[in-house]
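Chains, contacts and geometry: an overview
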Amino acid sequence: MPKAIRVHAHGGPEALVYEEVEIARPGPGQALIRHTAIGLNFIDVYFRTGLYPAPAGMPLTPGGEAAGVVLELGEGVNWLSVGDRVAYSIPTGAYCEQRVIAADKLVKLPDGISDEQAAAMMLKGMTAEYLLLRTFKVKPGDTVLYHAAAGGVGLILGQWAKHLGATVIGTVGSDDKGELAKAHGFDHVINYRSQDFVAEVAAITGGKKCDVVYDSVGNDTFPGSLDCLRPLGTFVSFGQSSGPIPPFSISLLAQKGSLFATRPTLFVYNALREDMVRSADALFDVVLSGAVEIRINQRYALRDVAQAHADLEGRKTTGTTVLIP
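Scope of this entry: the structure provided in the associated data block. Note that this is a predicted model, so its numbers are computed, not measured.

What to know about the overall build of the protein chain
- Regarding its fold elements, the protein chain presents ten helices and 15 strands.
- The globule rule puts the C-alpha radius of gyration for 325 residues at 20 Å, and the 20 Å found for the protein chain is close to it.
- For the protein chain, the spread of C-alpha atoms along the principal axes amounts to about 60 × 40 × 35 Å.
- Within the span of the protein chain, comprising 325 residues, buried residues form 54% of the whole.
- Put simply, 69% of the contacts in the protein chain that link residues at least 6 apart link residues at least 24 apart.
- As displayed, the protein chain has an accessible area near 13500 Å², and 52% of this comes from carbon and sulfur atoms.
- Here the protein chain contributes 29 positive and 34 negative side-chain charges, whose respective centroids are spaced 3 Å apart.

Observations concerning helix H3 (residues 152-163)
- End to end, H3 covers 17 Å across twelve residues, agreeing with the expected 16 Å (1.5 Å per residue, within 8%).
- With respect to burial, H3 is a largely interior element, ten of its twelve residues being buried.
- All of the buried residues along H3 are Gly152, Val153, Gly154, Leu155, Ile156, Leu157, Gly158, Gln159, Trp160 and Ala161.
- Trailing H3 by a residue or two, Gly165 shows a phi angle of about 100°, which is positive.

A short note on the packing of helix H2 (residues 115-135) against helix H9 (residues 273-288)
- Two numbers describe how H2 lies on H9: the axes approach to 9 Å, and their chain directions differ by 100°. Taken together, the axes of H2 and H9 lie roughly perpendicular to each other. Where H2 abuts H9, its residues Met121, Met122, Gly125, Met126, Glu129 and Arg134 lie against Asp275, Met276, Ser279, Ala280, Ala282, Leu283, Phe284 and Val287.
- When the residues that make up the contact of H2 with H9 are grouped by side-chain class, the tally is nine nonpolar, two polar and three charged.

A closer look at the side chain of His184
- As for its placement among the helices and strands, His184 is situated in the loop between helix H4 (175-182) and strand E10 (188-191).
- On the accessibility criterion, His184 (2% relative accessible area) is buried.
- A polar contact of 2.8 Å, which involves the side chain of His184, links it to the backbone oxygen of Leu180.

Details of the sheet that holds strand E13 (residues 260-262)
- Taken in spatial order, the six strands of this open sheet run E10-E9-E8-E11-E12-E13, and their pairing is parallel. Lying at the two open borders of the sheet, with one neighbouring strand each, are E10 and E13. The sheet shows a mean angle of 15° between the axes of neighbouring strands, taken without regard to direction.
- Contacts between helix H5 (residues 197-204) and the sheet are confined to strand E8 (143-146), strand E9 (167-172), E10 and strand E11 (210-215), with E10 contributing the most and set at about 155° to the helix.

With respect to the side chain of Glu129
- For Glu129, the location among the structural elements is in helix H2.
- Of the polar contacts made by the side chain of Glu129, one reaches the side chain of Ser279; its length is 2.8 Å.
- Dropping the residues within four chain positions of it, Glu129 is found in contact with Arg134, Trp160, Ser279 and Ala282.

Description of H5
- Two or three places before Val198, at the opening of H5, Asp196 has a side-chain oxygen 3.0 Å from that residue's backbone nitrogen.
- Directly after H5, the chain includes Gly206, whose backbone phi takes a positive value near 65°.

As for the packing of aromatic side chains
- For the coordinates displayed, the defined rule picks out eight aromatic pairs.
- Look at Phe47 and Tyr52: their rings are 5.8 Å apart centre to centre, the planes differ by 80°, and that puts the pair in the edge-to-face class. Across the pair, Tyr52 and Phe47 agree in class, each one buried.
- Ring pairs connect the aromatic residues Phe42, Tyr46, Phe47 and Tyr52, which therefore count as one cluster.

Section: the pairing of strand E6 (residues 98-102)
- Of the two faces of E6, only one is covered, namely that formed by Arg99 and Ile101; the face formed by Gln98, Val100 and Ala102 stays uncovered.
- In the sheet, strand E3 (residues 30-39) pairs with E6 via five bridges, with the strands oriented antiparallel. Directly across from Gln30, in E6, lies its bridge partner Ala102.

A few points about the environment of His8
- Locating His8 in the fold gives a position in the loop between strand E1 (3-7) and strand E2 (16-20).
- Residue His8 is classed as partly exposed on the basis of its relative accessible area of 44%.
- With 209 residues separating them along the chain, His8 and Val217 place their C-alpha atoms 27 Å apart.
- In this structure the side chain of His8 is engaged in a polar contact, spanning 2.9 Å, whose partner is the side chain of Glu19.

Here we look at the state of the cysteines
- Tallied over the entire structure, the rule returns zero disulfides.
- With no disulfide of its own, Cys210 lies 5.9 Å from the sulfur of Cys228, the closest cysteine sulfur.
- Residue Cys210 is classed as buried on the basis of its relative accessible area of 0%.

The rules we used
- Residues numbered from 1 in each chain as written.
- Predicted model: local features only at pLDDT ≥ 70, side-chain atom pairs only at ≥ 80, totals over all residues.
- Heavy atoms only, no water.
- Helix = DSSP H or I, 4+ residues; strand = E, 2+ residues; numbered from the N terminus.
- Rg over C-alpha atoms; globule rule 2.2 N^0.38 Å.
- Buried < 20%, exposed > 50% of the residue type's maximum accessible area, 1.4 Å probe, protein only.
- Contact = heavy atoms within 4.5 Å.
- Areas by Shrake-Rupley, 256 points an atom, 1.4 Å probe, with all protein chains shown as cover.
- Lys, Arg positive; Asp, Glu negative; His and termini not counted.
- Charge placed at Lys NZ, Arg CZ, Asp CG, Glu CD.
- Expected span 1.5 Å × (residues − 1).
- Axes fitted to C-alpha atoms, helices over the stretch in contact; angles between N-to-C directions.
- Parallel < 35°, antiparallel > 145°, perpendicular 65-115°, else oblique.
- Nonpolar A, V, L, I, M, F, W, Y, C, P; charged D, E, K, R; others polar.
- Polar contact = N/O pair within 3.5 Å; in protein donor to acceptor, adjacent residues only side chain to side chain.
- Pairing = 2+ DSSP bridges.
- Phe/Tyr/Trp six-rings, centres within 6.5 Å; stacked < 30°, edge-to-face > 60°.
- Disulfide = S-S within 2.5 Å.

Below is the structure:
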């Protein structure tokens, strides 16, 4: 029988259990796929710990992005064929060897994109796409601040933002991570452990500050992120790796310069298939053009995902990580 990672009760990495599971035949509109590579993301930790509720209840199989091969198709799926290479990003369910999935959540992989690349970039790359092209549309001459620049989304977004003509500033937690960020599009890198990132942003920009701040860190970077924005700038909070942002008065946005603030999620931006396909196509195009390079920095066997989670939470990983079934 195929195996999967399941969480029966919320907890630490030890809650991730590697066990056999039964796989149903695909029904109408569904596809059975065999995974070849699976992405690791911090949102998987949120689901494991219960910070985010499991969409389908417990037991939970985490994992939001993967690539694989079509094994069988249900009735009515006429745009895919058995043997097609496909990839997807949905909230949960990817930590497994095989799964049945709604076919309209899948995209075909173009030649030139490997399975491991796809698994490493679908969630992270489409996140970068909606942040840069839809949440705040970055244009030449804009100044961008991105926290956790050496993370999976950061290494993609840094390259993409530079390609769009922005000046890109990133924060990191070590000098090694700073060098990695500089190699992936970031013009300026701030080590937040030894530098005041608000003061450094003011110095880098000559006091003009930033047009947009992309913040997936949360508690540790708020409200400093607001202090890095020019008047009418945009604060984009799309994660909370250090804990949730505490409640605050909306009048704070007025005091800081009539700022805009939003809390977007990929799965709302790509809820419609046409939006998801456009997002994936934009990602494939920018990678195939060479403007964005997808490097895989860590690989773990699927059975070793508990160690992968421990390393991710311990800030021992950089960039993208894939799990191999």
